[in-house]
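# An overview of the molecular structure
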Amino acid sequence: MAWKNRGGSELNSRNLVSRKLTFILCICCFFAGVLFTDRMWTEPEATGISKPTGIEAERLKLLADGCDTSKNVRRDSKDVMGEVSKTRDVIQTLDKTISNLEMELAAARAMQDSIVSGTPISDYLRLPEPVKKRKYLMVIGINTAFSSRRRRDSVRATWMPQGDKLKKLEEEKGIVMRFVIGHSATSGGILDRAIEAEEKKHGDFLRLEHIEGYLELSAKTKTYFTTAVALWDADFYVKVDDDVHVNIGTLGATLSRYQSKPRVYVGCMKSGPVLAHKGVRYHEPEHWKFGEEGNKYFRHATGQLYAISKDLATYISINQHVLHKYANEDVSLGSWFIGLDVEHIDDRRLCCGTPPDCEWKAQAGNICVASFDWSCSGICRSADRMKEVHKRCGEDKTAVWNASF
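Calculation rules
- Residues numbered from 1 in each chain as written.
- Predicted model: local features only at pLDDT ≥ 70, side-chain atom pairs only at ≥ 80, totals over all residues.
- Heavy atoms only, no water.
- Disulfide = S-S within 2.5 Å.
- Helix = DSSP H or I, 4+ residues; strand = E, 2+ residues; numbered from the N terminus.
- Buried < 20%, exposed > 50% of the residue type's maximum accessible area, 1.4 Å probe, protein only.
- Patch = residues over 30% accessible without salt bridge, like charges linked within 9 Å, V, L, I, M, F, W, Y side chains within 5 Å.
- Areas by Shrake-Rupley, 256 points an atom, 1.4 Å probe, with all protein chains shown as cover.
- Salt bridge = Lys/Arg side-chain N within 4 Å of Asp/Glu carboxyl O.
- Phe/Tyr/Trp six-rings, centres within 6.5 Å; stacked < 30°, edge-to-face > 60°.
- Lys NZ or Arg CZ within 6 Å of the ring centre and 35° of its normal.

Evaluated as defined, the whole model comprises four disulfides. Here Cys268 engages in a disulfide with Cys351; their sulfurs sit 2.0 Å apart. Every disulfide takes its handedness from the sign of the S-S torsion; for Cys268 and Cys351 that torsion is -95°, giving left-handed. With a gap of 83 residues between them, Cys268 in strand 6 (residues 264-270) and Cys351 in the loop between strand 8 (343-346) and helix 12 (357-363) connect regions that are remote in the sequence. The burial state of Cys268 is the same as that of Cys351; both residues are buried. Here Cys358 is linked by a disulfide to Cys393, with a sulfur-sulfur distance of 1.8 Å. What sets the handedness of the Cys358 and Cys393 disulfide is the S-S torsion sign, and at about 60° it is right-handed. Of this pair, Cys358 sits in helix 12 while Cys393 sits in helix 13 (residues 382-393), and the two are 35 residues apart along the sequence. On the basis of relative accessibility, which here comes to 2%, the residue Cys393 falls in the buried class.

Take a look at the structure:
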């Protein structure tokens, strides 16, 4: 019995030791597993996803700020109108700069053509720089011929200022007026010398590098605009015949309404028949270009008086060598503007009749810009009747001086 008790005690001792050893081993295995896991297990990295750099992060932030509607700047209507006004001013300045460059280019081409052809360069193209840059309202070119001395004198005695007043008109009102004439076929002949003597006395001529002739009026018109735009920087360039009565102040007030428009063509618009038969006045040798017999011309200003803006005069100057000339100069001018973005302004005050027509209109307060007889394409016997027309249809003597253009 004693033997049994001793054997049972030994067995209990062994079981206790085994339990302790097992517990210790479990703890050791646990720590070993933790140690093994920390060393061997690595967190898998995401593929295809890159972390943003510092610069990219700043960009993302700016984009996020831009998308945040709460941070958008709201401008007042006044601010928007201010920006629009500034933009318009910049555009107008740019347009003026382009026009000035085109004008200088035209003058340079005219000089080059004179050098290439061997003809002397006109003194007008050598004007001092300050004179070129001065701004004028309008240049009025009065078309005349060698045989029209009495007509010119009738104009000087009525609606065209003389002497110091002519110069004052340029300086104070920005209105330049000149009789426009070229040269005779015989250079330095008696006709040219007569004009030179007249110019010395009155100082109111614009001489063109052009050979005078009735069939050359279209060429003369091109040369006039080319020369005028090179000499004077004006808003408008006017052509008028020397047998037409003009109220200068009314003309200036009329044209000043269109100063904000870049390309205007002002006159009494007409569309007369194309005359195909030879021997008649205003015969059109190229009548076949206008279609069947009996057709009419396109709309164009009658040739007694018309005005064009600076951009159009510059266009003629630059393209003078490729502009086609028809037999009638008013038709030629109208054809040059076909295809261009030009506003045709039909103003019937530029083609009033002589008294009593212009007189009745003046009495009604609607003073005419120009007056002439349609039957004569000018004032019939203008050298004798110009004073009468001026007396009955002319504006007040102070009109042009009191006008604000």
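This is not the end of the story, as more comes after the structure.
What follows covers a nonpolar patch on the surface. A surface patch of nonpolar side chains, amounting to about 380 Å² of accessible area, comprises Tyr214, Leu215 and Tyr282. Among the residues examined, Tyr214 registers a relative accessible area of 56% and is labelled exposed.

On to the packing of aromatic side chains, then. How two aromatic rings sit relative to each other is set out by the distance from centre to centre and by the angle between their planes. Under the definition given, this model contains eight aromatic pairs. Between the aromatic rings of Phe290 and Tyr297, the centroid separation amounts to 5.0 Å while the plane-to-plane angle is 80°, which identifies the pairing as edge-to-face. Assessed through its relative accessible area of 7%, Tyr297 is described here as buried. Both rings, one in Phe372 and one in Trp374, keep their centres 5.1 Å apart while their planes meet at 65°; by these two values the pair is edge-to-face. A residue is classified by how much of its surface remains accessible, and Phe372, at 0% relative accessible area, is buried. Residue classification places Trp374 among the partly exposed positions, given a relative accessible area of 45%. An aromatic cluster is defined as three or more aromatic residues linked by ring pairs; in this entry it consists of Phe290, Tyr297, Phe298 and Tyr326. Here Lys168 stacks its cationic end above the ring of Trp401, 5.1 Å away from the centre of that ring.

Structural measurements only, silent on function.
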